[in-house]
Amino acid sequence: MSLDQVTDGLAISFDLNGERLSLSAPPAERLSEFLRERAGARDVKVGCNAGDCGACTVLVDGLPVCSCTTAAAQVEGRRVETQSGLAKADPDGQALVAAFQRHQAAQCGICTPGMMVSAVALLREVAEPSEAQVQDALGGVLCRCTGYRKIIDAVRDAKGSASVAPGGVGTAMARVDGLPKVTGTEAFGDDVAPAGALTLRVIRSPHHRAAFTFGDIEAWRAANGLDLVLTAADVPGVNRFGVIPGFEDQPVMAEGEAKFRGEAVAAVVGAGERLAMLDLADFPVRWTPLPHALTPEEGLTAALLHEERAGNIMCRGLVQRGDAEAALAGAAHVVEGDFSTGFIEHGYIEPEAGFAERVGDRIEVHCCTQAPYMNRDAVAKVMGLAPEGVRIVPTAVGGGFGSKLDLTTQPFLALAAWKLGRPVRMAFTRTESISSSTKRHPSQVTMRLGVNADGTLAGADFFGTFNTGAYASWGPTVANRVPIHASGPYRFADYRARSVAVHTNCTPSGAFRGFGVPQSAVAQEQLLDMAAEALGLDKLEIRRRNALTNGDETVTGQVFDTGMGILDCLDALKPHWDRAKAEAAAFNAAAIGTKRRGIGVASGWYGCGNTSMSNPSTIRAGITADGRIVLHQGAVDIGQGSNTVISQIFATALGVPVERIERVSPDTDLTPDAGKTSASRQTFITGNAARLCGEALRAQVLRLGNVSEAAVIEITPGAIRLTDGGAERVVPLSGEGYALEATESYDPPTKPLDENGQGDPYAVFGTTAQMAELEVDTALGTVKLLKITAAHDVGKAINPLLVEGQVEGGVAQGIGLALMEEFLPGRTENLHDYLIPTIGDVPPVDTLIVETGDMHGPYGAKGLGEHCLIPTAPAILNAIADACGARVHHLPATPATVRAAILAAAT
Amino acid sequence: MRPFHYSRPSSLAEALIDMRDALAAEPNSSAAFLAGGTTQLDLMKLEVSRPDRLVDLNALRGEAGHIRWDGTSLRLGAFARMAEAADHPDVRARAPMIAQSLSLAASAQLRNMATLGGNVLQRTRCAYFRDTSWSACNKRVPGSGCAALDGVNRAHAVLGTSDHCIATYPGDFAQALLALDASVVIAGPGGGRTIPFARLHRAPGTTPHLETSLRPGEIIAEFIVPAGGWFRRSLYLKVRDRQSYEFAVASAAVALDLEGDTVREARVALGGVATVPWRAREAEALLRGRKLTEEAARAAAQAAFTEAAPHAHNAFKVELGQETLVRALLQLATMETPR
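Residues numbered from 1 in each chain as written. Chains lettered and ligands numbered in written order. Predicted model: local features only at pLDDT ≥ 70, side-chain atom pairs only at ≥ 80, totals over all residues. Heavy atoms only, no water.

**Considering the overall build of chain A**
On a plain count of helices and strands, chain A comes out with 23 helices and 32 strands. In summary, chain A has a C-alpha radius of gyration of 27 Å against a globular reference of 29 Å for 907 residues, a match within 12%. Taking the principal axes of its C-alpha atoms as reference, chain A extends roughly 80 × 80 × 60 Å. In chain A, which comprises 907 residues, the share counted as buried stands at 66%. Across chain A, contacts joining residues at least 24 apart in sequence account for 77% of those joining residues at least 6 apart. Carbon together with sulfur atoms contributes 51% to the accessible area of chain A, which is approximately 27,600 Å² in total. Each charge sign in chain A was given a centre, from 77 positive and 104 negative side chains, and these centres are 1 Å apart. (Helix = DSSP H or I, 4+ residues; strand = E, 2+ residues; numbered from the N terminus. Rg over C-alpha atoms; globule rule 2.2 N^0.38 Å. Buried < 20%, exposed > 50% of the residue type's maximum accessible area, 1.4 Å probe, protein only. Contact = heavy atoms within 4.5 Å. Areas by Shrake-Rupley, 256 points an atom, 1.4 Å probe, with all protein chains shown as cover. Lys, Arg positive; Asp, Glu negative; His and termini not counted. Charge placed at Lys NZ, Arg CZ, Asp CG, Glu CD.)

**A look at the sheet that holds strand E10 (residues 250-259) of chain B**
The strands that make up a sheet pair up through hydrogen bonds in the backbone, lying either parallel or antiparallel. Residue and element names in this part refer to chain B. Read across the sheet, four strands follow the order E9-E10-E11-E12 without closing on themselves; strand pairing throughout is antiparallel. With partners counted over all chains shown, the strands left at the sheet margins are strand E9 (234-239) and strand E12 (278-279), one partner each. Sheet topology note: the strand E11 (residues 262-271)/E12 ladder contains two bridges and is antiparallel. Its bridge partner being in E12, Ala 269 is matched across the sheet by Arg 279. On the sheet, helix H13 (residues 316-333) packs against E9, E10 and E11 and is oriented at approximately 35° with respect to E10. (Pairing = 2+ DSSP bridges. Axes fitted to C-alpha atoms, helices over the stretch in contact; angles between N-to-C directions.)

**Side note on the sheet that holds strand E8 (residues 219-226) of chain B**
Residue and element names in this part refer to chain B. An order of E4-E5-E8-E6-E7 is seen for the five strands of this open sheet, with the pairing classed as antiparallel. The open sheet has two edge strands, strand E4 (67-69) and strand E7 (193-196), and neither has a second partner. Here the strands of the sheet are splayed against their neighbours by 20° on average, with no regard to which way each runs. Bridge analysis of E4 against strand E5 (residues 73-77) gives three bridges, and the strand direction is antiparallel. What sits directly across from Trp 69, in E5, is Leu 74.

**A few points about helix H1 (residues 31-38) of chain A**
Residues and elements named next belong to chain A. Within the span of H1, buried status applies to Leu 31, Ser 32, Phe 34, Leu 35 and Arg 36. Contacts from the buried residues of H1 go to strand E2 (10-16), strand E3 (19-25), strand E4 (57-60) and strand E6 (79-81). Positive phi appears at Gly 40, one or two residues downstream of H1, with a value of about 75°.

**A closer look at helix H6 (residues 149-156) of chain A**
Residues and elements named next belong to chain A. Within H6, six of the eight residues are buried, leaving the element largely enclosed by the surrounding structure. Here H6 has its buried residues at Arg 149, Lys 150, Ile 151, Ile 152, Ala 154 and Val 155. Elements in contact with the buried residues of H6: helix H3 (91-103), helix H4 (112-125), helix H5 (131-138), helix H21 (800-819) and strand E32 (845-850).

**Re the confidence of the model for chain A**
Taken residue by residue, chain A gives an average pLDDT of 97. The fraction at 70 or more is 99%. The model gives residues 1-5 of chain A a pLDDT under 50, and that stretch makes 18 contacts with residues more than four places away or in other chains. (pLDDT = per-residue confidence, 0-100.)

**Quick notes on the domain arrangement of chain A**
Residues and elements named next belong to chain A. When cut into domains, chain A gives domain 1 (1-164), domain 2 (538-609 + 759-906) and domain 3 (617-746). Its C-alpha centre places domain 1 at a distance of 34 Å from the equivalent point of domain 2. Taking both partners together, domain 1 and domain 2 bury about 1,800 Å²; carbon and sulfur atoms supply 57% of that area. On the surface where domain 1 and domain 2 come into contact, there are three salt bridges. The shortest N-O distance in the salt bridge between Glu 821 and Arg 144 comes to 2.7 Å. Joining domain 1 to domain 2, the criterion identifies 10 residue pairs in polar contact (both at pLDDT 80 or more). Of the residues belonging to the side of domain 1 that touches domain 2, the class tally is 10 nonpolar, seven polar and five charged. (Domains from an automatic or database assignment. Buried area = accessible area lost by both parts, 1.4 Å probe. Salt bridge = Lys/Arg side-chain N within 4 Å of Asp/Glu carboxyl O. Polar contact = N/O pair within 3.5 Å; in protein donor to acceptor, adjacent residues only side chain to side chain. Nonpolar A, V, L, I, M, F, W, Y, C, P; charged D, E, K, R; others polar.)

**So, the confidence of the model for chain B**
Note that predicted coordinates carrying low pLDDT should not be read in detail. Here chain B shows a mean pLDDT of 95. Residues at 70 or above account for 99%. For this predicted complex, the interface confidence comes out at an ipTM of 0.95, alongside a pTM of 0.97.

**Brief notes about the packing of helix H23 (residues 895-906) of chain A against H13 of chain B**
It is at 11 Å that the axes of H23 of chain A and H13 of chain B come closest, and there the two elements cross at 90°. Relative to H13 of chain B, the element H23 of chain A lies roughly perpendicular. Each of Ala 896, Arg 899 and Leu 903 of chain A in H23 of chain A lies in contact with H13 of chain B, whose residues at this interface are Phe 316, Glu 319, Leu 320 and Glu 323 of chain B. (Parallel < 35°, antiparallel > 145°, perpendicular 65-115°, else oblique.)

**Details of the domain arrangement of chain B**
Buried accessible area, meaning the area lost when the parts come together, often serves as the stated size of an interface. Residue and element names in this part refer to chain B. Its domain assignment divides chain B into domain 1 (5-59), domain 2 (61-121 + 169-226) and domain 3 (234-333). Placing the centre of domain 2 and that of domain 3 at their C-alpha centroids yields a distance of 21 Å. Residue-level contacts link 27 residues of domain 2 with 25 residues of domain 3. In total, about 1,900 Å² of surface goes out of reach between domain 2 and domain 3, with carbon and sulfur atoms giving 60% of it. Connecting domain 2 to domain 3 are three salt bridges. A salt bridge links Lys 238 to Asp 172; its shortest N-O distance comes to 3.0 Å. In this structure, the connection of domain 2 to domain 3 is made through 10 residue pairs in polar contact (both at pLDDT 80 or more). Secondary structure elements with two or more residues in the side of domain 2 that touches domain 3: helix H6 (96-103) and helix H10 (173-179). Residues that form the side of domain 2 that touches domain 3 fall into these classes: 16 nonpolar, seven polar and four charged.

**Brief notes about the state of the cysteines**
Applying the stated criterion across every chain yields a total of zero disulfides over all chains. In this structure Cys 145 of chain A is not part of a disulfide, and its nearest cysteine sulfur, from Cys 108 of chain A, lies 3.8 Å away. (Disulfide = S-S within 2.5 Å.)

**As for the environment of Val 658 of chain A**
Residues and elements named next belong to chain A. Tracing the sequence through the fold places Val 658 in the loop between helix H19 (642-654) and strand E25 (661-664). Look at Val 658 and you get buried, because its relative accessible area is 4%. Along the backbone, Val 658 and Thr 644 are 14 residues apart, and their C-alpha atoms lie at a distance of 9.1 Å. Not counting chain neighbours up to four residues away, the residues in contact with Val 658 comprise Pro 166, Gly 167, Met 173, Ser 647, Gln 648 and Ala 651.

**A look at the environment of Ala 901 of chain A**
Residue and element names in this part refer to chain A. Of note, Ala 901 is situated in helix H23. Residue Ala 901 is classed as buried on the basis of its relative accessible area, which comes to 12%. Between the C-alpha atoms of Ala 901 and Ala 380, which are 521 residues apart in sequence, the distance is 52 Å. Here Ala 901 is in contact with Ala 886, Arg 887 and Val 888, once residues within four sequence places are set aside.

**Considerations on the packing of H21 of chain A against helix H22 (residues 872-884) of chain A**
Residue and element names in this part refer to chain A. Interhelical geometry of H21 versus H22 gives an angle of 50° and a closest axis separation of 7 Å. Considering the angle they form, H21 stands oblique to H22. The crossing of H21 and H22 is right-handed. Of H22, the residues touching H21 (which contributes Gly 810, Val 811, Gly 814, Ile 815, Leu 817, Ala 818 and Leu 819) are Thr 872, Ala 873, Ile 876 and Ile 880. Considering only residue class, the contact of H21 with H22 consists of eight nonpolar, three polar and no charged. (Left-handed = near helix turned anticlockwise from the far one by under 90°.)

**Remarks on the interface of chain A and chain B**
Every contact between the two is made by 68 residues of chain A and, on the other side, 59 residues of chain B. If you sort the residues of chain A by the area they bury against chain B, Gln 74, Leu 780 and Arg 827 of chain A come out on top, with a joint share of 12%. Between Asp 279 of chain A and Arg 50 of chain B there is a salt bridge, with the nearest N and O atoms lying 2.2 Å from each other. The interface formed by chain A and chain B includes 24 residue pairs in polar contact (both at pLDDT 80 or more). Of all the secondary-structure elements, those providing two or more residues to the side of chain A that touches chain B are strand E1 (5-6), strand E5 (63-66), H5, strand E31 (782-793) and H23 of chain A. A class-by-class count of the residues in the side of chain A that touches chain B yields 33 nonpolar, 19 polar and 16 charged.

Okay, structure coming up:
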């Protein structure tokens, strides 16, 4: 029988997780939206709405499909299964829940439903799948956090059982917040809005630069039955935001001229169904395209984007010591080169999302964010409210990597909810997420590196130009950080590094894992290999010979007494390097076709925390009369594992089992400021605050019981039992709220940099050396990665499995940077034109954890997040050169680029 | 997305009537069929496709969802899912190229939904076509121009282009069908017809919006792939910017019938480099009767790209396309084929 009706109101009957449902919906509504909004299945996650990311995978009649490219009408009469149903009732689903926890296969958790649903379908067919079978079955689901290796491990070990018991510092325990991620109950930015919330969509510029005027907005609003249209005129406070004091230059909605493609000019608010039927291209705005600048060269001579910044130069950075020019003149060999990298998109699978509601004379914003307190203060300025008038409640964050530090959804949601007095929600589309959120800065580096005949470094001169886009965001941080790090973790007496950040009509560049350091390492670590070649020196050896050690001065003149562990990392690689070198040589000697193997090494270092700036974290904790131990943990866990690490540190400091700790999650009303989740600072800085807080609370307990430091604490309802030697004491607990409570802060000791960039910018550096083994097809230019070996000095691994997870995820992003990623404004605003590595692109990663301790870190621990990807790209590029002699200067090293480099090297 | 009429016919005959009636009532109707939906739904949400009527063909799987070997040909029902064909033992054993082209084309999630008929009709991934904020696209809005000509055209075609469109045909499976001289069984309101697969796609010329020779209201029902001595010695090689699921930068669907090391018959189609599935007949002619040496392979590859017309960013595709074809030919020459 043929049905014939207009879109809304087709009755669709189907089974959802074993339950028969009949729901009315437009037949071409995305199945993902249908399941989430009409059937309440918010465990179905939406990442791209284009079939590219697979987060929305569900089983239809047992087969995994992307529910975003399936029409609701297509499940008529069919059986649909989702993660929550499978986790609850399916034997394979239940086995995967345990295995994902055991292997820490979920980091942020946004791709986890897609991964697990796909894995269930596989396990129903194949009880013990091979790695290749897992890669094929899960190949359609993208993950930006894990590097996929732990997911492969978990699926292949679904039937296994070995697990690590919870424990304090040093224990590879499962995530304390893992269960919701693996059972489909985690609530991300788009999962928390109350029923009936209105929906907001942003009108954005389709031009790189354009003047604009509005038509009759009110008539358009009324004709389309919308509740509200917002423009810059509706901003009650200051229509400017930013992240660096003095650089708040970005309007929530542009006024008169949009400066980049994707810039917001207006927002519309209405019922979700109405907005779904609306083509926003009809919004009454008239554009007059203006000349634009997309590269720094163009930016330097273009019309000023910001009146006060001459030549469109946002800022410069400088570090110099000794006389680099004289040193280069006297060097035995000088190698030099130009290197460039493009815009890199963060590619978190969860687009920016949230909801806001007005509560009395305050505004509350629930959103995915890395920086709740910074968001609070920035939203308050936009709203013309005191900071206390704004509450930011972070949801689970489906990946961040730096871009969720900046304001995205927050001011729009706050403005609309404030004005309408109704809850308002929004989720960025993938296209708007990519076109409007911050990016990794494109870099153009010119560097000269001099070496002495004995293999020591003579001097270096580095000049880096960074395309910082239309607004400042974290550009100043990049410009400052790069000159400090562009030496790599090596000794230089004579060194000069300059950087400049130039405005263009591109999407703003901001923070992305490494703040410019991965870009400078691409140049510096490749030149180091070129210098080794000039000397005929082994490439691991040249790094060993120049590695900074405790007592050496860095290029800013800072001396570390502990924790400069790069030599330990390089030494950890040595046996692997020797093995790989021999294997590659044997392979190439026997090779008759076009495939050649290569190995490459690169080092990296990264200062944890802000550069020469105060950046404290505060942790609060209390013990209630009924014996609960409550940790107010305000550091946002964006998947990296800070909830677990901070709990482990606190439990160890207090001296209680970690499973006794209850967490109060980040909320500017409930948790003190633990700073932003960036700059590899949470384990180090918030970890220290948690340690101090745990120790303070313990000291109170010990004092009350009048027992020694060695006493064992047992906290029970109504009393704390203390055992000290053979003696037992009991401290009664009573009262409302917290019977005992402590709040402690930690701010790392740094010193300002002088005009030559000399000083102590960071209390702690983490160091790393990674090695890539790969195969190049010299005819096609394709690169097949065989293995990455990653040595990381983390000081002390609070949770070794989390360390591995960070490393594998960082390596995957480094692979993307090296081989495939480049954002082109207006051209790659989705996840099929913008490529990130899939499960098939990440080879086995062998993590070598080096623990040299550190005098500042909690239990000797240092940050790790950014370090993981810094050496990956240069190690891969060095391995490509080793394999085929082709030096890739301009990333990404796609087949065409590698082929061109091979041809260039041959002539 | 605009409101539209929706019907869900339960047979091919009914579907043809639904569409015929829609077109009769509104000659300028933008009515569209919905099969697997992975392209159609995507384009509707992008506002690239704005059908006023959607005829849902999902109930037709029983009628045209078959995969079978009839003794002389592989018969592939247009409503079979990509995964069903890719995993089918007859397809894998008899014409590996077909299975490879489907497996390499898309992730398991998409292979489980997308139909074979829909797959060959998938639209280009040209960003200027898919993103309506670009006003110039002759394919989307006839006569509006082509933003790719002076835009970022790294991914665009070098073969079969015109001054009106250089969008690349994105598929993989079609190259296999083309190389193997498949025919297309078409059901239409006025009866059925069968055409060579080579006649299905139209090069852009001056009318890039007309992509196939299907007439209004027609539905692809089946592909018939006749067996030949080249069936088993066949290969689909795909070079991509990402080494896993991704559209081709260059690909080659090649089948060879060898006598010793001499080529009795060669079948070559190219993907990722052309506006339509591209048969390289000059390359085939050069190979026929010759020993399959690297030199012969290179000569054939050169011939295949004689008419290449690169633009600012895609000149690399000529050489990469040639290398891809050379590799495919040489790999096939040494392939063990069970008899």
